[in-house]
Amino acid sequence: MQIKNHNSVLLTSVLLVGLLLISTTALYADDTRAPLGACCMGMDTQDQCLYLEEDECIMFEGFWLGEDSNCDDCGTEDYGACCIKLNDNITCLMTTPEICATQLGWTVFRGYDTDCQEGGCIPDCGDLNFDGGVNILDVLYSISLIYKCGPRPFMEETADVDGNGYISILDALYLIVAIYRDGPDPICPGLQPTRCDYQLITTTRDCE
Ligand SMILES: [Ca+2]
Ligand SMILES: [Ca+2]
């Protein structure tokens, strides 16, 4: 009988410790859960809205309205395509410029009337810094990329403006002639979806 009582006490203790662990784990999980908000899936509709964490909303390419927001507010905000480059992966999120700027990585807000449809995050040929224009800043960016181990373009294909498959000083010169001497337009074959076999070679860059 004594042994049996002892087992009961032991069993009760184990159960109590187990319950304590479960409740602590649940409490911890609640504390670490990211806040939920309305995630609008369509451009102008309130029909497709879920209450998700911001990361989950990005995964669904939705437009996250912010913490504790309401699905009734879908379609009432001004938003556009937000292009995000992180670890060489480019994703697109429909959001406001303010929220776009808070995303991790290189972010480019494309404008209020843009969307994430095909091509929404593809810069023009020669627009290395993806600011929407092709100008002297892109020439400097190209030279910096080749000689000073400067940052890589948003899409490296934008730097091969003469279309020979390499990034070299000839591309910077080509860009100068195109901008200031009314030379031929930049080519960038890698930006054309039909050139599936295109492979850009950056042998002139020896930084890493
Ligand atoms: Ca540019
Ligand atoms: Ca080239």
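As the structure is a computational prediction, the values presented were derived from the model and not from experiment. (Residues numbered from 1 in each chain as written. Chains lettered and ligands numbered in written order. Predicted model: local features only at pLDDT ≥ 70, side-chain atom pairs only at ≥ 80, totals over all residues.)

Caption draft 1: Looking closely at the overall build of the protein. Each helix and strand in the protein was counted, giving five helices and six strands. Taken from the N to the C terminus, the helices and strands of the protein come in the order α-β-β-α-β-β-β-α-β-α-α. Expressed as a percentage of its 208 residues, the buried residues of the protein come to 27%. Taking all contacts inside the protein whose residues are at least 6 apart in sequence as the whole, residues at least 24 apart take part in 54%. (Helix = DSSP H or I, 4+ residues; strand = E, 2+ residues; numbered from the N terminus. Buried ≥ 20, exposed ≤ 12 C-beta atoms within 10 Å, placed from the backbone. Contact = placed C-beta atoms within 7 Å.)

Caption draft 2: Looking closely at the nonpolar core. Within the largest apolar cluster, 24 residues are counted, with the highest numbers of intra-cluster contacts made by Ala38, Cys39, Cys40, Phe63, Trp64 and Cys82. Broken down by secondary-structure element, the contributors of at least two residues to this core are β1 (36-40), α2 (54-59), β3 (63-67), β4 (80-86), β5 (89-95), α3 (97-101) and β6 (106-109). If we skip the residues at most four places from it in the chain, phenylalanine 63 touches Cys40, Tyr79, Met94 and Thr95. Within the second largest apolar cluster, 14 residues are counted, among which are Leu128, Val161, Ile167 and Leu175. (Core = buried A, V, L, I, M, F, W, Y, C linked by C-beta atoms within 7 Å.)

Caption draft 3: The arrangement of the sheet that holds β5 in detail. Taken in spatial order, the three strands line up as β5-β4-β6 in an open sheet, and their pairing is antiparallel. Single-partner strands in this sheet number two, and they are β5 and β6. With strand direction ignored, the average angle separating the axes of adjacent strands in the sheet is 20 degrees. (Pairing = 2+ DSSP bridges. Axes fitted to C-alpha atoms, helices over the stretch in contact; angles between N-to-C directions.)

Caption draft 4: Local environment of the environment of phenylalanine 63. Position of phenylalanine 63 relative to the elements: it lies in strand β3. The class of phenylalanine 63 is buried, set by 26 C-beta atoms lying within 10 Å. In sequence terms phenylalanine 63 and methionine 94 are 31 residues apart; their C-alpha atoms lie 4.9 Å from each other.

Caption draft 5: Local environment of the sheet that holds β1. Strand order in the open sheet formed by three strands is β2-β1-β3, with antiparallel pairing between adjacent strands. If you trace the sheet from one side to the other, it starts and ends with β2 (49-53) and β3, each paired once. Between one strand and the next, the sheet's axes are offset by a mean angle of 30 degrees, whatever the strand orientation. Here β1 pairs with β3 via three bridges, running antiparallel. Bridge pairing in β3 links glycine 37 to glutamate 67.

Caption draft 6: Structural detail: the packing of helix α4 (residues 136-147) against helix α5 (residues 169-180). Viewed as axis vectors pointing N to C, α4 and α5 meet at an angle of 170 degrees, and their least axial separation amounts to 9 Å. As summarised for this structure, α4 and α5 are arranged roughly antiparallel, according to the angle between their axes. Counted together, Asp138, Val139, Ser142, Ile143 and Ile146 of α4 and Ile169, Asp171, Ala172, Leu175 and Ile176 of α5 form the full contact between these two elements. (Parallel < 35°, antiparallel > 145°, perpendicular 65-115°, else oblique.)

Caption draft 7: Broad picture of α4. For α4, built from 12 residues, the straight-helix expectation of 16 Å at 1.5 Å per residue is met to within 8% by its first-to-last C-alpha distance of 16 Å. For α4, the elements touching its buried residues are α5. (Expected span 1.5 Å × (residues − 1).)

Caption draft 8: How the structure looks around the pairing of β5. Bridge count between β4 and β5: seven bridges; the pairing is antiparallel. Across the sheet, leucine 86 pairs through a bridge with asparagine 89, a residue of β5. Where β4 hands over to β5, the hairpin turn is made up of two residues, of which asparagine 87 adopts a positive phi near 55 degrees.

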